[in-house]
Amino acid sequence: MARFLRHHDEHDPPIGEIPVPHGPETGDEHEHYPRGHSTNYATDYEKQIFSHLTHPDDSYTNDGVYWADLPFWKRLSFVNKVDRAESADEAKNIWAMIKQDPLSPVSWYFRNAILPGAGLGLEGYVLFSIGNLEPLFEAVWGTCWGKGATECSKNWIAAVTYLEIIGIMVGQVAVGIIGDWIGRRWGLIQDAVVMLLGLLMLTGSWGMTLQGWVIMYAWSLFVYGFGVGGEYPITATSSMENAVSAGKLSTRDDRLHRGRKVTMAFLMQGWGQFVNQVVLIVLLVIFNRGSGDPPYSMTAAQYAFRLSFAFPAVGTLWLAYYRTWKMKSASKHLEKAKKKSNVTGYDVRSLKLTVGNFGGRLLATAGGWFCNDVFFYGNKLFQSQFIKVISDNPNSIMTTWTWNLVNVVVSLAGYYAASMTIDNKMYGRKTMQQVGFLMCFVMFVIPAFNYGYYTSPAGIHAFQAMYFLSSFFNQFGPNSVTFLVAGEVYPTQIRASAHGFSAMIGKAGALLASVLYNFIDTPTRFYVVPWFGLAGMLMTWLWLPDTTGLDLKEQERRWQYILDGRADEYHGIAIHPNHLSLWERLTGVGKNYHPDLDMKAKIRDIRTEWEEREAARAASDVESATPVEDDEDLTDEIHDYFRGATNNNSVNSLKAEKLKGVDRAPPSRSNDARSDETLEEHSLDEKSEPKASMSTK
C-alpha cells in the first residue's frame, strides 16, 4: 500500500493557494491517499494566460502538441508552415529596410555576421596564408624549405606546422577556461591582443641565418596560434549568447535561428581564406615582374609574406578596440547564470556534473571534431595530384593558388548551405553532420581502391569532382556542425570550456594528420583517411543529441534542475527523445518526459524568476526604474496572477479565475497536495482520472 500513498508537504503550497502555517517541520509529516484532480497539472486559466510562454506557436500546434510529438507528415507540414511564415516575415522586413535605406541590409549583415566572426575571419586569413606561403618559400629558399634542404634542420621546418597546431590547442583549452572563469568579454579582448602580438612577430620575423629566421617564424606562429585557438570557444559562445546585442536571449529567435547566427559568424573563416588567396596572388604579381610564373625573387617573396601578415594586423588592432569598448555586455548571460548558481569564480561543480551527465556528448563533440580535422587536412591530398595531370604548368605557384581559390569558393557555398539549413527541424544538425561525414568517406574511399585510374588522364576529372564535393560536404556537414554543437549542448557555466576541449581534441586530429603524412605516401593516405569519416558518422549517430529547434533557455532550465539535485523532476522538452542522443535514450534519460506535468512546473519556474526580479526591484531604486528584459512577455494577467499567488491575504487561484470570468470546475483535490512529484507517484492518478492536457494523444 505504501506506493499508493503521497507524501504531504505542508510547507510548499501549490501556486495560487494561500499557504497555511503548520508550525516548524518536525519530520513527522503524514501521508494520505491521492484523491481528486492533481494540482501538478495546469488549470484551464493557467493554460490560457501562460500558453504564449509555455507553448509558443513556432514549436507547438494550436492543440498544444510539440512539433516533435507529431506524426511524420503532420510534423513536416507544421515545420514547413512555420518556416514559410518566418521566411515571409524576414522578406517583408528586408524590403522595409531597403525602402527606408537601400544599404541597411548590408549594415545588418555587417553587425550580425561580419563583426561576430571577425576573429575567425582573420584566423582563416592568416592560417590559410601559412599553408599558401610554403610552396613560395620552397621555390625561393630551396636550401632551407625544400626536400633536399641543407641549410635548415628538417625538424625545425616540420616544427613550423607542429608549433602552430600546438599553440592553437593550448589556446583553445586555456581561453575556454578563461571565458568561463573571468568572462566572455575578457576572453574576446585577450584573443584579439594575442593575435595582434603574433601578427607583429610574424611580420617582423628575422634571423641572422635562414635557420634563425625559421625558428623565429615557428615561435611567432605558436603565439598567434594561442590567440587563434581562443577564438573557437569564445566566438561560438558569445555568438550563441548574443554578446553583440547586450546579452539578451530572444527565445523565438534562438529556436528558429540560433544555428544560422553562429554559422554566419563561423563562415567568416571561409571569407578570410578567400581574401588571403586574392591578396597573395595580387602581391606576387606586383612584386614578381608582373607575373605569377617562376622564377621567384627573394624580394617578391619577402614583400608577399610580410605584407600578407601586416594587413590583418591592422584589422586585428581594430578588433581589439571594438571588443574592448563596444562589447561590454558580452559576459552578461554568463554572469546571470553564475549568480543564479551562487558562483563567483570557475564553476568546478558544474564541470563535474557536466562530465557525469553529458559524458556521451563530450565523446560526440570532441570525437566528431577529431575525425573532421583529419578530413579537413586530408582534403589537400587531392589537389596536388590532379594539378600534375591537368595543368600545363604544374610547377607554377600561381596555378596552385588559382585552384586553391576555386576550392575556397566551393567551400563558401558549403558554409552558406549549412547556414541556411542548419535550423530546419526536418534536417538539422545531426543529420547534416552524418550526411557530411558519409559523403567525405565516399569521396575518399572511391579513389583509394582505384588510385591509378583516378590519377590518370582518363579518370582525373572524376577525381577533381570528388575533391570539390569533399570540400563542399565538409563545410555543409561536420566542419560547420562541430563548431556549433560543441557549445550549445552544454550549460552556460562551462560552455566555453567544453567547446575549447572539443576543439582541442579536434586539432589533435590535424596534428595526427600532419605527423602521419610525413611517414606514408599519398596512395596510402587515401587508404587511411576515409575511415575517420565512417568513425565520425557512427559517433554522431550514437552520442550526439539533436538540438535543432530546442530553445537554449529550455536547456538551461533542465540544467538548473540538475544543479539542484532534482533531475528526475524535470519533465520538459530538453529530454524529449528527439533531442536526446541514442545513447541517452538507451540509458533512460528521457523516461521522465511528460509535457503536461512540465507545464505546471514551467509556471512555477517562471514564478520563481518573477519573484527574484521583484525582490531585486524592491531592494534597489535604480533597478526598479530600469526595465527588465525578461518581463517583456509577462502580460498584466500574469503579473496579477503572481501578485495574487504570493500575497497571503489574496484570494486563491480559483476565486481569482472566477472574478475574471473564467468558468471551470473547482479541483476536487485538497489544497495540501504536494506540488512536485515524480512520474511514479502520479501513476495511480494517471490511470484513474483524465488529466487536463495541452497535447492531443
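Residues numbered from 1 in each chain as written. Predicted model: local features only at pLDDT ≥ 70, side-chain atom pairs only at ≥ 80, totals over all residues. Heavy atoms only, no water.

Trainee: Kindly report on the overall build of the chain, identifying the contributing residues and their values.
Mentor: From N to C terminus, the chain includes 29 helices and 2 strands. Relative to its 697 residues, the chain shows a buried fraction of 55%. Here the analysis covers contacts within the chain between residues at least 6 apart in sequence; of these, 81% occur between residues at least 24 apart. (Helix = DSSP H or I, 4+ residues; strand = E, 2+ residues; numbered from the N terminus. Buried < 20%, exposed > 50% of the residue type's maximum accessible area, 1.4 Å probe, protein only. Contact = heavy atoms within 4.5 Å.)

Trainee: Describe helix 22 (residues 530–543), and please don't skip the residues or the numbers.
Mentor: Between its first and last C-alpha atoms helix 22 spans 20 Å; for 14 residues at 1.5 Å apiece the expected length is 20 Å, and the two agree. For helix 22, the full list of buried residues reads Pro530, Phe532, Gly533, Gly536, Met537, Met539, Thr540 and Trp543. Residues of helix 22 that are buried make contact with helix 14 (359–378), helix 17 (428–448), helix 20 (495–516), helix 21 (522–528) and helix 24 (582–586). (Expected span 1.5 Å × (residues − 1).)

Trainee: Can you break down the side chain of Asn276 residue by residue, with the values?
Mentor: Tracing the sequence through the fold places Asn276 in helix 10 (residues 268–287). Take Asn276: its relative accessible area is 0%, and that puts it in the buried class. Those residues in contact with Asn276 that sit more than four places away from it in its chain are Tyr125, Phe128, Ser129 and Asn132.

Trainee: Which residues make up the nonpolar core, and what values go with them?
Mentor: Grouped together as the largest cluster of nonpolar side chains are 109 residues, with contacts concentrated most on Leu136, Trp141, Trp145, Trp213, Tyr217, Tyr224 and Phe309. Among residues more than four places away in sequence, those in contact with Tyr224 are Leu122, Glu123, Val126, Leu127, Met195, Gly198, Leu199 and Leu202. If you look at the next biggest cluster of nonpolar residues, it comprises 19 residues, including Tyr66, Val79, Val82 and Ala601. (Core = buried A, V, L, I, M, F, W, Y, C linked by side-chain atoms within 4.5 Å.)

Trainee: How would you summarise the pattern of salt bridges if you had to cite specific residues and measurements?
Mentor: Throughout the structure, instances matching the rule amount to 29 salt bridges. Across the pair Arg557 and Asp605 runs a salt bridge whose closest N-O atoms are separated by 2.6 Å. On the criterion of sequence distance, the pair formed by Arg557 in helix 23 (residues 552–563) and Asp605 in helix 25 (residues 595–619) is long-range, its members being 48 residues apart. The network of salt bridges with common partners includes Asp57, Asp58, Glu86, Arg252, Arg255 and Asp551. (Salt bridge = Lys/Arg side-chain N within 4 Å of Asp/Glu carboxyl O.)

Trainee: Could you give me a rundown of the state of the cysteines, with the residues and numbers involved?
Mentor: Applying the stated criterion to the full structure yields 1 disulfide. Paired by a disulfide, Cys144 and Cys152 hold their sulfur atoms 1.9 Å apart. Taking the torsion about the S-S bond as the criterion, the Cys144 to Cys152 disulfide, at about -100°, is left-handed. Across the pair, exposure class does not vary: Cys144 and Cys152 are buried alike. (Disulfide = S-S within 2.5 Å.)

Trainee: How would you summarise the environment of Asp564 if you had to cite specific residues and measurements?
Mentor: Checked against the element boundaries, Asp564 lands in the loop between helix 23 and helix 24. Sequence spacing of Asp564 and Ser341 is 223 residues, and the spatial spacing of their C-alpha atoms is 9.1 Å.

Trainee: Which residues make up the environment of Thr399, and what values go with them?
Mentor: Note on placement: Thr399 falls in helix 16 (residues 397–421). In sequence terms Thr399 and Gly292 are 107 residues apart; their C-alpha atoms lie 8.5 Å from each other.

Trainee: How would you sum up empty space enclosed by the protein? Please name residues and give values.
Mentor: By the definition in use, this model includes 7 cavities of 30 Å³ or more. In this structure, the largest cavity occupies an estimated 100 Å³ of space. Every residue lining the largest cavity is counted, 13 residues in all, and those nearest its centre are Phe358, Arg361, Val489, Gln555 and Arg558. Here the lining of the largest cavity takes 4 residues from helix 23, the largest share from any one element. For the lining of the largest cavity, the residue count by class is 7 nonpolar, 3 polar and 3 charged. (1 Å grid on protein atoms, 1.4 Å probe; cavity = no way out; pocket = protein on both sides within 12 Å on 5 of 7 lines; lining within 4 Å. Points joined across faces, edges and corners; volume = space filled by probe spheres on them. Nonpolar A, V, L, I, M, F, W, Y, C, P; charged D, E, K, R; others polar.)

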